[in-house]
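# Structural description and commentary
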Amino acid sequence: MEPVSNAEAADAARPRRQRGLTEKLGAIVLAFEAIVVGLGGLTIFGLKAMPGGIEQWWAIVGAAVVAVAMLVTAGRLATKGGIMLGWILQVIVALSAFLIPAMLLVALVFGGMWAYALVAGGRADRATAAAVDSQH
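Structure report, in brief.

Calculation notes
As a convention, each chain's residues are numbered from 1 in the sequence order in which they are written. The predicted nature of this model means local features are confined to residues of pLDDT at least 70 and side-chain atom pairs, given and counted, to a pLDDT of 80 or more, with totals for whole chains, interfaces and linings taken over all residues. Side-chain measures here rest on the full set of heavy atoms in the structure, leaving out hydrogens and waters. Strands are runs of DSSP state E lasting at least 2 residues, helices are runs of H or I lasting at least 4, and numbering of each runs from the N terminus. Using C-alpha atoms as the atom set, the radius of gyration is obtained and then compared with a globule rule of 2.2 Å times the number of residues to the power 0.38. Each patch is built from salt-bridge-free residues with over 30% relative accessible area, joining like charges within 9 Å and nonpolar side chains (Val, Leu, Ile, Met, Phe, Trp, Tyr) within 5 Å. Methods summary: accessible areas were calculated by the Shrake-Rupley approach with a probe of 1.4 Å, and residue burial reflects only the protein chains presented. Only one rule defines a salt bridge in this text: a Lys or Arg side-chain nitrogen within 4 Å of an Asp or Glu carboxyl oxygen. What counts as a ring pair is set by centres within 6.5 Å for rings of Phe, Tyr and Trp (its six-membered ring), and what kind of pair is set by the plane angle: stacked under 30 degrees, edge-to-face over 60, tilted for all other angles. Here the term buried applies to any residue with accessible area under 20% of the maximum for its type, exposed to any over 50%, and partly exposed to those in between, with areas from a 1.4 Å probe on protein chains only. Of the grid points, spaced at 1 Å and generated over the protein atoms alone, those admitting a 1.4 Å probe that cannot get out make up cavities, while open sets with protein on both sides within 12 Å along at least five of seven lines make up pockets; any residue with an atom within 4 Å of a point is treated as lining. Grid points are joined across faces, edges and corners, and a volume is the space filled by probe spheres set on the points. Each residue is assigned to one class: nonpolar for Ala, Val, Leu, Ile, Met, Phe, Trp, Tyr, Cys and Pro, charged for Asp, Glu, Lys and Arg, and polar for all the others, Gly among them. Angular values range over 0 to 180 degrees, each being the angle between N-to-C directions of two axes fitted as lines to C-alpha atoms, with helices fitted over their stretch in contact. Our angle categories are set so that under 35 degrees counts as roughly parallel, over 145 as roughly antiparallel, 65 to 115 as roughly perpendicular, and the remainder as oblique. Note on contacts: a residue pair is in contact if any heavy atoms of the two residues lie within 4.5 Å.

### Structural notes on the overall build of the protein
Broken down by element type, the protein carries five helices and zero strands. Mapped in sequence order, the helices and strands of the protein form the string α-α-α-α-α. In terms of overall size, the protein is more extended than a compact globule, its C-alpha atoms giving a radius of gyration of 20 Å where 136 residues would be expected to give roughly 14 Å. By its C-alpha atoms, the protein is 60 × 45 × 20 Å across when sized along the principal axes.

### Considerations on a nonpolar patch on the surface
Residues I28, F32, I35, L39, L42, F45, I54, W57, W58, I60, V61 and V65 make up a contiguous nonpolar surface patch of roughly 1,100 Å² in combined accessible area. Of all the secondary structure elements, the ones that give two or more residues to the nonpolar patch are α2 (21-46) and α3 (58-74). The element contributing the most residues to the nonpolar patch is α2, with six residues. Counting through the fold element by element, I28 comes out in helix α2.

### Remarks on the packing of aromatic side chains
Under the criterion given, the structure shown has two aromatic pairs. With a centroid separation of 4.5 Å and an interplanar angle of 25°, the aromatic rings of W57 and W58 are classed as stacked. The class for W57 is partly exposed, based on a relative accessible area of 42%. When its relative accessible area of 43% is taken as the criterion, W58 is described as partly exposed.

### Remarks on the layout of surface pockets
Roughly 270 Å³ of volume is contained in the largest pocket. Together, 17 residues line the largest pocket, and I44, G62, A63, S96 and L99 are the ones closest to its centre. Elements represented by at least two residues in the lining of the largest pocket include exactly α2, α3 and α4 (80-95). Ranked by the residues each element gives to the lining of the largest pocket, the list is headed by α3, at five residues. Class assignment of the residues belonging to the lining of the largest pocket gives a composition of 13 nonpolar, four polar and no charged. Approximately 190 Å³ is the volume attributed to the second largest pocket.

### Looking at the environment of F32
Mapped onto the elements of the fold, F32 is located in helix α2. Residues F32 and M70 lie 38 residues apart in sequence; the distance between their C-alpha atoms is 9.3 Å.

### What about the packing of α2 against helix α5 (residues 103-135)?
Look at α2 against α5: their axes get within 8 Å of each other, and the N-to-C directions meet at 170°. The orientation of α2 relative to α5 falls into the category roughly antiparallel. Only M103, V106, F110, M113, W114, A117, L118, G121, G122, A124 and D125 of α5 make contact with α2, whose side of the interface consists of L21, T22, L25, G26, V29, L30, F32, E33, V36 and G40.

### Re unusual backbone geometry
For K48, which is not glycine, the phi torsion reads 55° and is therefore positive. Tracing the chain through its elements places K48 in the loop between α2 and α3. On the basis of relative accessible area, K48 is assigned to the exposed category, the value being 61%.

### Quick word on the packing of α2 against α3
Close contact between α2 and α3 brings their axes to 8 Å; oriented N to C, the two are set at 175°. Taken together, the axes of α2 and α3 are roughly antiparallel relative to one another. Across the interface between the two elements, A27, L30, A31, E33, A34, V37, G38, G41, L42, I44 and F45 of α2 pack against A59, I60, A63, V66, A67, M70, L71, T73 and A74 of α3. Looking at the contact of α2 with α3 residue by residue, the classes come out as 16 nonpolar, three polar and one charged.

Here is the structure:
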């Protein structure tokens, strides 16, 4: 067996940051939405729904960029900027309904889940913080 270095021991001893319910639920919503956005890009490509003068493969590139941005944002939800970027991505998905109207359904479903994750998660996080404060 190999000896453990001091750096590895320090990493193992460092406790992980507690993530709130808002962060957990928001990350789940964005991760699943990233999958659906990728599939939506493939649908736009397959139906040749890009406006005239724009190559169809840009649908796949655009969807990939938005999907990756969602995954990065899922990891940044501990910050106010991460939450704001999440809302911006929800608007981008809604705007994709101009290319395929069915994306409006995706925007409504995932936008609703995103809003619920922030509202219900925030409420639970505040209750947890109040319970911890009352114990100390």
